[in-house]
Amino acid sequence: MREIVMDTETTGLDPFTGDRIVEIGCVELFNHMPTGRTYHQYINPERSMPIEAFQVHGIGPDLLEPPQEPAAGAVSLRDKPVFKEIGQSFLDFAGDAKLVIHNASFDIKFLNAELKWMGLPQIPWEQAIDTLAIARKKFPGSPASLDALCRRFSIDNANRTLHGALLDSEILADVYLELIGGRQPDFALSAVDKGGKGSVAEDSWRPQPRPSPLPSRLTSEEKQAHSAFVDDMGEDALWKKLG
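Residues numbered from 1 in each chain as written. Predicted model: local features only at pLDDT ≥ 70, side-chain atom pairs only at ≥ 80, totals over all residues. Heavy atoms only, no water.

1. What to know about the overall build of the chain
Here comes step 1: Within the chain, the secondary structure is distributed over eight helices and five strands.
Here comes step 2: Mapped from its N terminus to its C terminus, the chain presents α and β elements in the order β-β-β-α-α-β-α-β-α-α-α-α-α.
Here comes step 3: Looking at the chain as a whole, 40% of its 243 residues qualify as buried.
Here comes step 4: For the chain, the proportion of contacts with a sequence separation of at least 24, taken over those separated by at least 6, is 61%. (Helix = DSSP H or I, 4+ residues; strand = E, 2+ residues; numbered from the N terminus. Buried < 20%, exposed > 50% of the residue type's maximum accessible area, 1.4 Å probe, protein only. Contact = heavy atoms within 4.5 Å.)

2. Things to note about the packing of helix α4 (residues 131-138) against helix α6 (residues 165-179)
Here comes step 1: For the pair α4 and α6, the least separation of the axes is 11 Å and the interaxial angle reads 40 degrees. Of the possible angle classes, the one that applies to α4 and α6 is oblique. α6 is crossed by α4, and the crossing has left-handed handedness. In this structure, α4 contributes T131, I134, A135 and K138 to the contact, and α6 contributes L172, Y176, E178 and L179. (Axes fitted to C-alpha atoms, helices over the stretch in contact; angles between N-to-C directions. Parallel < 35°, antiparallel > 145°, perpendicular 65-115°, else oblique. Left-handed = near helix turned anticlockwise from the far one by under 90°.)

3. Concerning the confidence of the model for the chain
Here comes step 1: Per-residue pLDDT for the chain averages 86, and the proportion of residues at 70 or more is 84%.
Here comes step 2: Note on residues 187-205: pLDDT under 50 across the span, and 11 contacts to partners over four residues away in sequence or across chains. (pLDDT = per-residue confidence, 0-100.)

4. Side note on the packing of aromatic side chains
Aromatic ring pairs are defined here through the distance separating the ring centres and the angle between the ring planes.
Here comes step 1: Counted by the stated rule, this structure contains four aromatic pairs.
Here comes step 2: With a centroid separation of 5.0 Å and 45 degrees between ring planes, the pair formed by F106 and F110 is classed as tilted. In this pair, F106 and F110 are both assigned in helix α3 (residues 104-118), four residues apart and thus about one turn of the helix distant.
Here comes step 3: On the basis of relative accessible area, F110 is assigned to the buried category, the value being 0%.
Here comes step 4: Among the aromatic residues, those joined into a cluster by ring pairs are Y39, F90 and F93.
Here comes step 5: The residue whose ring lies beneath R2 is F93, and the NZ or CZ to ring-centre distance is 5.5 Å.
Here comes step 6: One residue, R152, lies across the ring of F139, its end atom 3.7 Å from the ring centre. (Phe/Tyr/Trp six-rings, centres within 6.5 Å; stacked < 30°, edge-to-face > 60°. Lys NZ or Arg CZ within 6 Å of the ring centre and 35° of its normal.)

5. Remarks on the packing of helix α2 (residues 83-94) against α3
The relative placement of two packed helices is expressed as an angle between their axes plus a distance between the axes.
Here comes step 1: Across the interface, α2 lies against α3 with an axial gap of 10 Å and an inter-helix angle of 110 degrees. One element, α2, and the other, α3, form an angle in the roughly perpendicular class. Remark: the crossing between α2 and α3 carries left-handed chirality. In this structure, α2 contributes F83, K84, G87, F90 and L91 to the contact, and α3 contributes L111, E114, L115 and M118.
Here comes step 2: Along the lines of polarity and charge, the residues of the contact of α2 with α3 split into six nonpolar, one polar and two charged. (Nonpolar A, V, L, I, M, F, W, Y, C, P; charged D, E, K, R; others polar.)

6. Here's the deal with the pattern of salt bridges
Here comes step 1: Inspection of every chain in the model, using the stated rule, returns seven salt bridges.
Here comes step 2: The residue R20 makes a salt bridge to E46 at a minimum N-O spacing of 3.9 Å. Placement of the pair is R20 in the loop between β1 (2-10) and β2 (21-30) and E46 in the loop between β3 (33-42) and α1 (51-57), with a sequence separation of 26 residues.
Here comes step 3: Take R20: its relative accessible area is 18%, and that puts it in the buried class.
Here comes step 4: When its relative accessible area of 53% is taken as the criterion, E46 is described as exposed.
Here comes step 5: Taken together, the salt bridges that share partners define one network made up of R2, E28 and R37. (Salt bridge = Lys/Arg side-chain N within 4 Å of Asp/Glu carboxyl O.)

7. Here's the deal with unusual backbone geometry
Here comes step 1: Going from E65 to P66, the amide bond is cis rather than trans, its omega being -5 degrees.
Here comes step 2: By secondary structure assignment, the location of P66 is in the loop between α1 and α2.
Here comes step 3: Here N31, not a glycine, exhibits a phi torsion of approximately 55 degrees, which is positive.
Here comes step 4: Mapped onto the elements, N31 comes out in the loop between β2 and β3.
Here comes step 5: For N31, a relative accessible area of 13% puts it in the buried group.

Next comes the structure, spelled out in structure tokens:
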């Protein structure tokens, strides 16, 4: 089972009032385990950068009005590709995998707007898995932001001083695995690898009886104490009938 944990950064809150995507970050999971494959792209939004958005993600100081010189580590967007140059490569990476997103309605709204303007296929809403909805259902009434979930699950997000799509995707991957029961919730027994050495096929493994029973770990004192306890229960004690 292939899943893509992803995040976007934007110039604002609504693509239909002129806001655009400025960063996409994706992390690939297979059978709930990271594969090491990622997709990351900064995007020139072809517009100015609102100061409110810049204060969230720190991207595009050269697009502020008036422009600022990018500080060390800051990301300039003027030389980055526009969305129509990278839209197909994003779709190729995502494929038909489930998209794991925190507050999926926000990211899917932006992605579908950008894809529609390009004439590319839209992402079906049912393709998304919303970790925000999962967290709110699992922990009703508790804070469900990514930072709050990191604190709940003791996930290190010390490097997250600003939002960043790829870093947030990597953190969200850890959060998502905790939300669904921890890493390898199915112990990887669902993975079928017919060619790998030492692989376990889904239908090939069955529990087998031990060649010899495990020795008892009860001490003689524990056995005597148990016998005395059963005797105190009288002749109708269930232990005596089963014994």
